[in-house]
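Here is what each chain is made of, one letter per residue.
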Amino acid sequence: MKLIPRGLLGREAAESIAIPAGAIAASLVVFGAFVATQGANPFNVYYEMYRGAFGTWFSFQNTLLRAAPLMLTALCTALPARLGLIVIGGEGAMVVGGLAAASAALGAQALRAPPPAAVAAMLAAGLAAGALWVGLAGALRVHRGVSETISSLLLNYIGIALLNHLVEGALRDPASLNKPSTAPIAAENALGSLPGVDVHWGLAYGALACVACHVLMRRTTFGFAASMSGGNVRAALLAGLPVKRLVVITCMLAGACAGLAGMVEVAAVHGRASASLVSGYGYTGVLVAFLARHDPLAIVPVALLLGGIGASGGLVQRTAQLPDATVSVLQGILFLAILASEALRGRLRLARAPSNPRPAPAPQVA
């Protein structure tokens, strides 16, 4: 059996770090040139971004609050990527998950259910709604040959339209005059904060989901079958693997993660379902997944980075006199740079095997 030299494995690992790092550095240079054209000092802008993201305990907690949904929506893209699928439906799954969680909370409150039962109902509703939403894109792929990228993107718009229709119609709280929304969730049914910090339990849900997905995809037969199907569908079919079932189940798991993000936003941040659920976390999660190279564990630090960039927008606006959306420009540049850097993978000298490798010494027989 032909073995891969250890040196080559080390060079591939170095390449997997060097290429994203180079893409981030190039993005910072381009973004610095952009803010310079707006009359701002790039170094001051970067310093204010650091202060707004990690400079104080308050700003760091704000970063953690934004990182929690990013971890879950990034999994919505990272898990199907193991099968070679590009799913960008995290925004729609998050919206319908939040809407379903709010509806479940109102139903539990009407039945006077105890708080643990109400939270469990919200959790189940958010997971189920997200799973069915993205699972539909997977089913369309395997049964009708519809591109999962196109279908999941269109499902985002359908989910947002469904949210607007219901919160402005059947589920609207008559007391919500200026901004239509559902009735508020009772305080005892809301998700509380983690001990010692002003950050809700959604952060723990996101971190645990990333660990669980890592174990599922890297340490189980299901994950091995998914990876094999993504690497070579024909070989997977010849081996007898249920590729269609794997696609649908993986998409449902991915959607469940994004639906959980919607439940967390409703139960811990907004307290109700409204247009505020359409916050762009689903689209930023796509960037997090690509930046982490679809590794569930790497999603955690990348989500902190992107969450910090998003959290710093307000401070940059106040101190550098730049629009709040300036940080979104940086996120867009990062996304383009990461996509472009993938063309360099395998072409750097770091990952090339030596032209004349020294043969391994023959084993000595005593």
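Preceding this paragraph is the structure being described.
Analysis parameters
Residues numbered from 1 in each chain as written. Predicted model: local features only at pLDDT ≥ 70, side-chain atom pairs only at ≥ 80, totals over all residues. Heavy atoms only, no water. Helix = DSSP H or I, 4+ residues; strand = E, 2+ residues; numbered from the N terminus. Phe/Tyr/Trp six-rings, centres within 6.5 Å; stacked < 30°, edge-to-face > 60°. Buried < 20%, exposed > 50% of the residue type's maximum accessible area, 1.4 Å probe, protein only. Salt bridge = Lys/Arg side-chain N within 4 Å of Asp/Glu carboxyl O. Core = buried A, V, L, I, M, F, W, Y, C linked by side-chain atoms within 4.5 Å. Contact = heavy atoms within 4.5 Å.

Enquirer: What is the right way to look at the environment of Ala 175 in this model?
Expert: As for its position among the elements, Ala 175 is in the loop between helix H6 (148-167) and helix H7 (202-219). A sequence separation of 63 residues divides Ala 175 from Arg 112, and the C-alpha atoms of the two residues are 21 Å apart.

Enquirer: Is there a simple way to think about the packing of aromatic side chains in this case?
Expert: Pairs of aromatic rings are described using the distance from one ring centre to the other and the angle between the two planes. Inspection of every chain in the model, using the stated rule, returns five aromatic pairs. Ring geometry for Phe 31 and Phe 34: centres 6.2 Å apart, planes at 35°, overall tilted. Here the residue Phe 31 and the residue Phe 34 both occupy positions in helix H1 (residues 6-37), the gap between them amounting to three residues, near one helical turn. By relative accessible area, which is 30% here, Phe 34 ends up partly exposed. Aromatic pair Phe 290 and Phe 335: ring centres 5.8 Å apart, planes at 85°, arrangement edge-to-face. Placement of Phe 290 in helix H11 (residues 281-291) and of Phe 335 in helix H14 (residues 326-341) is noted, with a sequence separation of 45 residues between them.

Enquirer: Where do I start with the pattern of salt bridges in this structure?
Expert: Any two side chains of opposite charge can pair, so long as their charged atoms come close to each other. Tallying each qualifying case throughout the model produces two salt bridges. A salt bridge links Glu 48 to Arg 51, with the nearest nitrogen and oxygen atoms 2.8 Å apart. Here Glu 48 and its partner Arg 51 are both found in helix H2 (residues 42-55), three residues apart, which amounts to about one turn of the helix. When its relative accessible area of 14% is taken as the criterion, Glu 48 is described as buried. For Arg 51, a relative accessible area of 34% translates into the label partly exposed. Here Glu 148 ties to Arg 141 by a salt bridge, and the two come within 2.3 Å at their closest N and O atoms. By relative accessible area, which is 5% here, Glu 148 ends up buried.

Enquirer: In this structure, what is going on with the nonpolar core? I would like to understand it.
Expert: Grouped burial of nonpolar side chains is what soluble globular proteins tend to show. Counting 85 residues, the largest nonpolar core has Val 45, Met 49, Met 122, Met 263, Val 288, Ile 299 and Leu 306 as its most contacted members. For this core, the element with the most residues is helix H10 (residues 243-270), which contributes 14 residues. If near-sequence neighbours (up to four positions away) are discounted, Ile 299 is found in contact with Met 71, Ala 74, Leu 75, Ala 78, Cys 210, Val 288 and Ala 292. Val 96, Ala 129, Ala 137 and Leu 155 belong to the second largest nonpolar core, which has five residues in total.

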